[in-house]
Amino acid sequence: MKEKIAYSMISLIIIAGIFLTYPQMHDMSEMSMSEQTESFISLRESIQDGMRSQHRYKCCLEKPCTLCIEKTPGHGEEAECDCLSDIMNGVHPCGECMGQILEGHGNKFLSKYFAKAIAEKLGEEHTGTIKEIISEKYGISVGDQI
Ligand SMILES: [Zn+2]
């Protein structure tokens, strides 16, 4: 008898689950790809804004990175971006930030710190090359970089 009740409880929960998730799945599939992209971007921005207001999103790019939202374990409560302090401390930032910096999209006020921080990941033997790239992208001389 107890088992029967347990089974019917479980199937009730499963059915309720299907009813609760189905409308959301349905909504997503009704959205066009560009609507999905739009909703992804606005969700991303609202996560970044929320974290920024709690001083948990300190990026080193002109436009904050997205990777730090997902790479930090147990996102939500635990997520944060500290690429800014990584850069200042000669530690490499996240992969997205490294790529964006080399493309010239880093915060230019941090440009003298970029080469050292990126070389920490790529290998110090590449420091000279990285400094030349930073110099070209940010208009700062090789000698002014740390
Ligand atoms: Zn980052």
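In case you missed it, the structure is sitting above this.
Residues numbered from 1 in each chain as written. Predicted model: local features only at pLDDT ≥ 70, side-chain atom pairs only at ≥ 80, totals over all residues. Heavy atoms only, no water.

Quick notes on the coordination of the zinc ion
In an ideal tetrahedron of four donors about a metal, each angle is 109.5 degrees. In an ideal octahedron of six donors, the angles are 90 or 180 degrees. Protein coordination of the zinc ion is provided by Cys65 (SG), Cys83 (SG), Cys94 (SG) and Cys97 (SG), with donor distances spanning 2.3 to 2.5 Å. Each of the four donor atoms around the zinc ion contributes to a set of angles spanning 93 to 142°, which defines the coordination as irregular. Donor residues for the zinc ion, ordered by position in the chain, follow C-x17-C-x10-C-x2-C. Here Cys83 is found in helix α4 (residues 83-88), whereas its partner Cys94 is found in the loop between α4 and α5 (95-102), with 11 residues between them in sequence. No difference in accessibility class separates Cys83 from Cys94, as the two residues are buried. (Donors = N, O, S within 2.8 Å, 3.2 Å for Na, K, Ca; no water. Tetrahedral: all angles 85-135°; square planar, octahedral: opposite > 155°, others 65-115°. Helix = DSSP H or I, 4+ residues; strand = E, 2+ residues; numbered from the N terminus. Buried < 20%, exposed > 50% of the residue type's maximum accessible area, 1.4 Å probe, protein only.)

A word on the nonpolar core
If you look at the biggest cluster of nonpolar residues, it comprises 27 residues, and the most contacted ones within it are Cys60, Cys65, Cys83, Ile87, Cys97, Ile101 and Ile134. Contributing elements (two or more residues each) for this core: α3 (67-71), α4, α5, α6 (111-122) and α7 (127-138). A per-element tally of this core places α6 first, with six residues. Contacts of Ile87, omitting those with residues within four sequence positions, involve Cys60, Pro93, Ile101, Leu110, Tyr113, Phe114 and Ala117. (Core = buried A, V, L, I, M, F, W, Y, C linked by side-chain atoms within 4.5 Å. Contact = heavy atoms within 4.5 Å.)

Describing the packing of α6 against α7
Two elements in contact, α6 and α7, have axes separated by 9 Å at closest approach and are oriented at 145°. α6 and α7 meet at a crossing whose hand is right-handed. Across the interface between the two elements, Ser111, Phe114, Ala115, Ile118, Ala119 and Leu122 of α6 pack against Thr127, Ile130, Lys131, Ile134 and Tyr138 of α7. Considering only residue class, the contact of α6 with α7 consists of eight nonpolar, two polar and one charged. (Axes fitted to C-alpha atoms, helices over the stretch in contact; angles between N-to-C directions. Left-handed = near helix turned anticlockwise from the far one by under 90°. Nonpolar A, V, L, I, M, F, W, Y, C, P; charged D, E, K, R; others polar.)

Topic: α7
Look at α7: 16 Å from first C-alpha to last across 12 residues, which is about the 16 Å you get at 1.5 Å a residue. Among the structural elements, α5 and α6 are those in contact with the buried residues of α7. Immediately beyond the C-terminal end of α7, within one or two residues, lies Gly139, with a positive phi of roughly 60°. (Expected span 1.5 Å × (residues − 1).)

Remember that the coordinates give geometry; whether it matters functionally is a separate question.
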